[in-house]
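Here are the chains, one letter per residue:
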Amino acid sequence: MSAIEFQGVWKRYDDRAAVAGLSFRIEEGERVVVHGPSGCGKTTVLRLIAGFLAPDVGRVLVGGKPVAADGRILVSPEHRHLGMVFQDLALWPHLTVAQNLDFALKAQRLASEIRRQRIADMLARVQLNGLADVYPARLSGGQQQRVAIARALVAQPLAVLMDEPLSNLDDELRDELCGQILDLHAQLGFTLVYVTHSKEEMRRIGSRVIRLRDGKEEIP
Amino acid sequence: MGRLLISRQITLWTAVAVLIIAGVLPLCLVLATSLADVGNYTSTLGNARIWRIFRTSLVLTVLTTVLAGFAGIPLGLLFARTDLPMRRVLTFALSMPLLFPPYILAVGWYEVLGRGGLLAQWAGSPVGEVTSRWLFGLPGAVLVLTTAFLPVVLLLTMTYVNAVNPTLEQAARLFSGWPAVIRSITIPLAAPGVLLSLVLVFLLTMGEFGAPAFLRVTVFPVATFTELTAFYNFGAATAAALPLVAVALLGLTMEQRVLRGKSFQFGWDGGREPSLLPLGRIRTPLCLLVTLAVLLVVALPLGALVFRGLSLAALGEAWDRAGGSAARSLGYSAVSATALAGLGFFLAYVIHRRAVVCWRWVDAAMLFLFTLPGTVIGIGLIALWNRRSTNWIYATPAILVIGYVAQYAVIGTRIILAGFAQTSSAVEEAAEVAGAGWFRRVFGILVPILGPSITMSWVVTFLFCLRDVSLPLLLAPPGYDTLTARTMTLMANGSAELIAALCLLSMSLTAVPLIVYGAARRMGSKAT
């Protein structure tokens, strides 16, 4: 069973096709990088998978089930069981690090003790022990990045979507976090869809690459 | 370089001095004068009647704030974050009362619920007797002021909800449905703005004069006004105003605590449209319900006014008796709005660039003056300017313009400040590097860039000046009154048709700045 599948997906903004008849399959546990120049439709692909957009034509499947088809959202974002790291991280500024992670777990209606355990475990994995009660604004850029990754992973999602998560970091930190993402993938085995325009990140993260140009897959 | 710096500092300090002379100095003077005779305070504040009035004011204010929040916050969320049909039309309709002085709504409700009102005509005079008693009392004042100030909560809730970075909501949508996202993310992030709106409604209600005076509810501003105009007891009026000053200070403190440093969530680039909560099957019934509410609380009283006042005879009489006042209202408001836009530009510069050491005090002083009831500012200005040596100001409409500048400086400044916040300071620095002096930078670069904000500031302050009641009642010299002051005076003995026609005249004047703004926008878009 594929983790994520696009079947002839089209998405238009006004007169421009951001995604033009795109089809692909991503298997469970794969690390797929969606790569291409600015405006090629990379982020639209992620937003279609997440459920923030519906395809005008075609079908999107998550976990083998159709979640959106022909202009309609069939399964809303919260029921797709996905995690996402946004380009601007989107950490909730009024919640502490632990509360940011807990929001993701509360929807699963787990007992508070289990939630606390999972949060502590995830913070340890991303080397943020001791920062559970700190607000995001107090953290460094790299620490904020780790909180965003931890929040995406803590609910043990079917797949994790990352939208150019390292684009605002310096080379050294980017290199370190690339390594950390690969470590976490090795430990947890999640499906990863990673959007970037950086060839360096593409080479390091991707076990497979989908190259996009003008909303279509570019065949090398 | 030194000369350029000096001309900049002189201009900015002049702007600060204008604010001090217009608003801060009169208040300090009145406070110092009244403190000279402590008897004023002991006799006024020891008077049980004063505290009864204060209790009435407080009950009216709390009930109005609670009801405006109870209706305005859900409506703001509904209009800002759902796919409710006709959101723009409904927002505009519900915001209309903010354009007029609240006494117009009171007159409108009188035409519906009064003894000779629509309801009495339809259901019989015994019903009219009951509803009239209800209207001319605390419940009626709460109804009128809630309708009048609900737009403050509605618009600020919408503004702050729309300012929440939509990515924060989308991040939450991956884990939870819309209700939990709105409860846990949207509302907490917009809460400072919502709280600010409630503080504003509280202060506006506390300082409101016209509607309670018409509905014969004795609240603090009415009592202060009476002390001054009926008994000319200056010391007692000042002492009676003291609780209002205390409440305004409380409001200012709350605003500073609530909003300071809480703008973290509003730093998004606005490049992505927020997602809207689909209402599904309840979309149409909810739209019908909101439309019905709009018809009931806005269209009904205003429609009743039109029904009563829209006759050639009534409009003719209104024009005869108040045409001059209407023209003066437009003139004073235009002059004041121009002064406020100019002053607002330089004060916004002071605050945005932290260009003078006391910039924080300047900001706080403006807000404090806005939160004070007009009667208090009026008393202060009378104390400062009612002297033989300054009669050349006090005996002319200039005193009213000064009053408007003191009361509404914060509005003009904050609108332009929002424009400054969206403009990179590099545009001025580039002109500076190119050798442009201070005035060339201001008038050649900043003013054209901030044109839309300055125009908006002019329009909004114009509307506030136009709808003001208490300042013209206290400050306009004989023969120089405004339409609002003339209407309040004629209410004592004018016919219902005349009063309704005067209200219609007042409402039609508000169209003027909107037409000016529309024309300015059209010219601006043609030019670009």
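Please read these numbers as outputs of a predicted model, since none were measured by experiment.

Cut-offs used in this document
Residues numbered from 1 in each chain as written. Chains lettered and ligands numbered in written order. Predicted model: local features only at pLDDT ≥ 70, side-chain atom pairs only at ≥ 80, totals over all residues. Heavy atoms only, no water. Helix = DSSP H or I, 4+ residues; strand = E, 2+ residues; numbered from the N terminus. Contact = heavy atoms within 4.5 Å. Areas by Shrake-Rupley, 256 points an atom, 1.4 Å probe, with all protein chains shown as cover. pLDDT = per-residue confidence, 0-100. Buried < 20%, exposed > 50% of the residue type's maximum accessible area, 1.4 Å probe, protein only. Pairing = 2+ DSSP bridges. Right-handed = clockwise from strand over helix to strand, strands pointing away. Core = buried A, V, L, I, M, F, W, Y, C linked by side-chain atoms within 4.5 Å. Domains from an automatic or database assignment. Polar contact = N/O pair within 3.5 Å; in protein donor to acceptor, adjacent residues only side chain to side chain. 1 Å grid on protein atoms, 1.4 Å probe; cavity = no way out; pocket = protein on both sides within 12 Å on 5 of 7 lines; lining within 4 Å. Points joined across faces, edges and corners; volume = space filled by probe spheres on them. Nonpolar A, V, L, I, M, F, W, Y, C, P; charged D, E, K, R; others polar. Axes fitted to C-alpha atoms, helices over the stretch in contact; angles between N-to-C directions. Salt bridge = Lys/Arg side-chain N within 4 Å of Asp/Glu carboxyl O. Patch = residues over 30% accessible without salt bridge, like charges linked within 9 Å, V, L, I, M, F, W, Y side chains within 5 Å. Phe/Tyr/Trp six-rings, centres within 6.5 Å; stacked < 30°, edge-to-face > 60°. Lys NZ or Arg CZ within 6 Å of the ring centre and 35° of its normal. Parallel < 35°, antiparallel > 145°, perpendicular 65-115°, else oblique. Left-handed = near helix turned anticlockwise from the far one by under 90°.

**Student:** Can you help me understand the overall build of chain A in this one?
**Tutor:** Across its full length, chain A holds 6 helices and 11 strands. Oriented by its inertia axes, the alpha-carbon framework of chain A measures out at about 50 × 40 × 30 Å. Across chain A, the fraction of contacts at a sequence separation of at least 24, relative to all contacts at a separation of at least 6, is 68%. For chain A, the exposed surface amounts to about 9700 Å²; the carbon and sulfur share of it is 46%.

**Student:** For this particular structure, what's the right way to read the confidence of the model for chain A?
**Tutor:** Detailed reading of predicted coordinates is not advised where the pLDDT is low. Averaged over chain A, the pLDDT score is 92; the fraction of residues at 70 or greater is 100%. Mean pLDDT across the elements of chain A ranges from a minimum in strand E11 (residues 216-217) of chain A, with 86, to a maximum in strand E4 (residues 57-62) of chain A, with 96.

**Student:** Quick question: what am I supposed to make of the pairing of strand E9 (residues 191-196) of chain A here?
**Tutor:** Across a regular strand the side chains alternate sides, sitting on one face of the sheet and then on the other. All names here are of chain A. The element E9 is largely enclosed, with a buried count of 6 among its 6 residues. A two-sided burial pattern is seen for E9, the buried positions comprising Thr191, Val193 and Val195 on one face and Leu192, Tyr194 and Thr196 on the other. Taken together, the 5 bridges between strand E3 (residues 31-35) and E9 define a ladder with parallel strand orientation. Directly across from arginine 31, in E9, lies its bridge partner leucine 192. Pairing of strand E8 (residues 159-163) with E9, which is carried by 5 bridges, proceeds in the parallel orientation. What sits directly across from valine 160, in E9, is leucine 192. The parallel pair E8 and E9, bridged by helix H5 (residues 171-188), forms a crossover whose chirality is right-handed.

**Student:** Mind showing me how you'd approach the nonpolar core here?
**Tutor:** In terms of nonpolar packing, the biggest core is built from 247 residues, with Ile49 of chain A together with Phe79 of chain B touching the most fellow members. Looking at this core, the element that brings in the most residues is helix H15 (residues 312-352) of chain B, giving 16 residues. When residues are assigned to domains, this core turns out to be shared by domain 1 (1-36 + 311-528) and domain 2 (50-309) of chain B, each giving three or more. Beyond its immediate chain neighbours, meaning those up to four positions away, phenylalanine 79 of chain B contacts Leu84, Arg87, Leu90, Thr91, Leu94, Leu154, Met158 and Val290 of chain B.

**Student:** Please explain helix H1 (residues 42-50) of chain A as it appears in this structure.
**Tutor:** An α-helical turn contains 3.6 residues, so any two residues separated by three or four positions project in the same direction. Residue and element names in this part refer to chain A. Taking burial as the measure, the 9 residues of H1 include 8 buried ones, the bulk of the element. Within H1, burial applies to Lys42, Thr44, Val45, Leu46, Arg47, Leu48, Ile49 and Ala50. Note on H1: the residue one or two positions beyond its end, glycine 51, has a positive phi of about 100°.

**Student:** Before we go on, may I ask you to explain the side chain of aspartate 481 of chain B in this structure?
**Tutor:** All names here are of chain B. By the secondary structure assignment, aspartate 481 is in the loop between helix H23 (470-475) and helix H24 (483-490). A distance of 3.0 Å separates polar atoms of two side chains, one belonging to aspartate 481 and the other to serine 325. Contact partners of aspartate 481, with chain neighbours within four places excluded, come to Ser325, Arg328, Tyr332, Ala476 and Arg486.

**Student:** Even after reading the chapter, I still don't get empty space enclosed by the protein, so can you show me in this structure?
**Tutor:** The method is simple in principle: a probe with the dimensions of a water molecule rolls over the atoms, and the space it marks as empty is what remains. Residues and elements named next belong to chain B. Evaluation of the coordinates by the stated rule reveals 1 cavity of 30 Å³ or more. Its volume calculated, the largest cavity comes out at about 330 Å³. Lining the largest cavity are 22 residues; nearest its centre among them are Leu204, Gly207, Glu208, Tyr408 and Asp468. Mapped onto the lining of the largest cavity, the elements with two or more residues apiece are helix H10 (178-207), helix H16 (359-371), helix H19 (398-421) and helix H22 (451-467). Considering only residue class, the lining of the largest cavity consists of 13 nonpolar, 6 polar and 3 charged.

**Student:** Just checking my understanding: could you explain the sheet that holds E4 of chain A for this structure?
**Tutor:** Strand pairs in the sheet, formed through backbone hydrogen bonds, run parallel or antiparallel to each other. Residue and element names in this part refer to chain A. Reading across the sheet, the 5 strands line up as E2-E1-E4-E5-E6 and stay open at both edges, with antiparallel pairing between neighbours. With partners counted over all chains shown, the strands left at the sheet margins are strand E2 (16-27) and strand E6 (72-73), one partner each. Here strand E1 (residues 2-13) runs beside E2; their pairing, made up of 9 bridges, is antiparallel. Across the sheet, the residue bridging to serine 2 is glutamate 27, located in E2. Sheet strands in contact with H1 are E1, E2 and E4, and its direction is about 120° off that of E1.

**Student:** Looking at this model, I keep getting lost on the pattern of salt bridges. Mind explaining?
**Tutor:** Pairing of side chains with opposite charge becomes possible as their charged atoms draw close. Residue and element names in this part refer to chain A. According to the stated counting rule, one finds 25 salt bridges over all chains in the structure shown. Glutamate 30 serves as the salt-bridge partner of arginine 208, at 2.7 Å between the closest nitrogen and oxygen. Here arginine 208 is found in strand E10 (residues 208-213), whereas its partner glutamate 30 is found in the loop between E2 and E3, with 178 residues between them in sequence. Close ionic contact of aspartate 102 with lysine 106 constitutes a salt bridge, the shortest N to O distance being 4.0 Å. Placement of the pair is aspartate 102 and lysine 106 together in helix H2 (residues 97-106), with a separation of 4 residues, close to one helical turn. The exposure class of aspartate 102 is buried, given its relative accessible area of 14%. Classification of lysine 106 by relative accessible area gives partly exposed; the value is 49%. Because the salt bridges share partners, they merge into one network encompassing Glu5, Arg25 and Glu27.

**Student:** Just checking my understanding: could you explain the side chain of serine 325 of chain B for this structure?
**Tutor:** With respect to the helices, strands and loops of the structure, serine 325 of chain B is situated in helix H15. Ignoring sequence-local partners within four residues, the contact set of serine 325 of chain B consists of Asp481, Thr482, Leu483 and Arg486 of chain B.

**Student:** Sorry if this is basic, but what is going on with the sheet that holds E11 of chain A here?
**Tutor:** Residues and elements named next belong to chain A. Spatially, E7-E8-E9-E3-E10-E11 is the arrangement adopted by the 6 strands of the open sheet, whose pairing is mixed. Every interior strand has two partners, whereas the edge strands, strand E7 (82-85) and E11, have only one. Of the pairings in the sheet, the one linking E3 to E10 comprises 4 bridges and is parallel in character. For histidine 35, the partnering residue across the bridge sits in E10 and is arginine 211. Across the sheet, H1 is in contact with E3, E7, E8, E9 and E10; its angle to E8 comes to roughly 150°.

**Student:** I'm lost on a nonpolar patch on the surface in this one. Help?
**Tutor:** Together, Ile20, Ile21 and Leu25 of chain B make up a nonpolar patch on the protein surface, roughly 230 Å² of accessible area in all. Examined against the element boundaries, leucine 25 of chain B turns out to sit in helix H1 (residues 2-36).

**Student:** What is the right way to look at the packing of aromatic side chains in this model?
**Tutor:** Both the distance between ring centres and the angle between the ring planes are used here to describe each pair of aromatic rings. Applying the stated criterion to the full structure yields 21 aromatic pairs over all chains. A ring pair is formed by phenylalanine 6 of chain A and phenylalanine 24 of chain A, whose centres lie 4.5 Å apart and whose planes are at 20°; its orientation type is stacked. Note that phenylalanine 6 of chain A is positioned in strand E1 and phenylalanine 24 of chain A in strand E2, a separation of 18 residues in sequence. Among the residues examined, phenylalanine 6 of chain A registers a relative accessible area of 1% and is labelled buried. Site record: aromatic cluster; members linked through ring pairs are Phe345, Phe346, Tyr349, Phe420, Trp438, Phe439 and Phe443 of chain B. The side chain of arginine 151 of chain A reaches across the aromatic face of tryptophan 92 of chain A, ending 4.2 Å from its centre. Between arginine 467 of chain B and the ring centre of phenylalanine 464 of chain B, over which it is positioned, the NZ or CZ distance is 5.7 Å.

**Student:** Just checking my understanding: could you explain the packing of H2 of chain A against helix H3 (residues 112-125) of chain A for this structure?
**Tutor:** To characterise two packed helices, one gives the angle between the axes of the helices and the distance between these axes. Residues and elements named next belong to chain A. One can describe the packing of H2 onto H3 by two numbers: an axis separation of 10 Å at closest approach and a directional angle of 125°. When the axes of H2 and H3 are compared, the pair comes out oblique. Relative to H3, the crossing made by H2 is right-handed. Each of Val97, Ala98, Leu101, Asp102, Leu105 and Lys106 in H2 lies in contact with H3, whose residues at this interface are Arg115, Arg118, Ile119, Met122 and Leu123.

**Student:** Teacher, can you tell me more about helix H12 (residues 220-229) of chain B here?
**Tutor:** Counting buried residues in H12 of chain B gives 8 out of 10 residues, a clear majority hidden from the surface. For H12 of chain B, the complete set of buried residues consists of Phe220, Pro221, Val222, Ala223, Thr224, Phe225, Glu227 and Leu228 of chain B.

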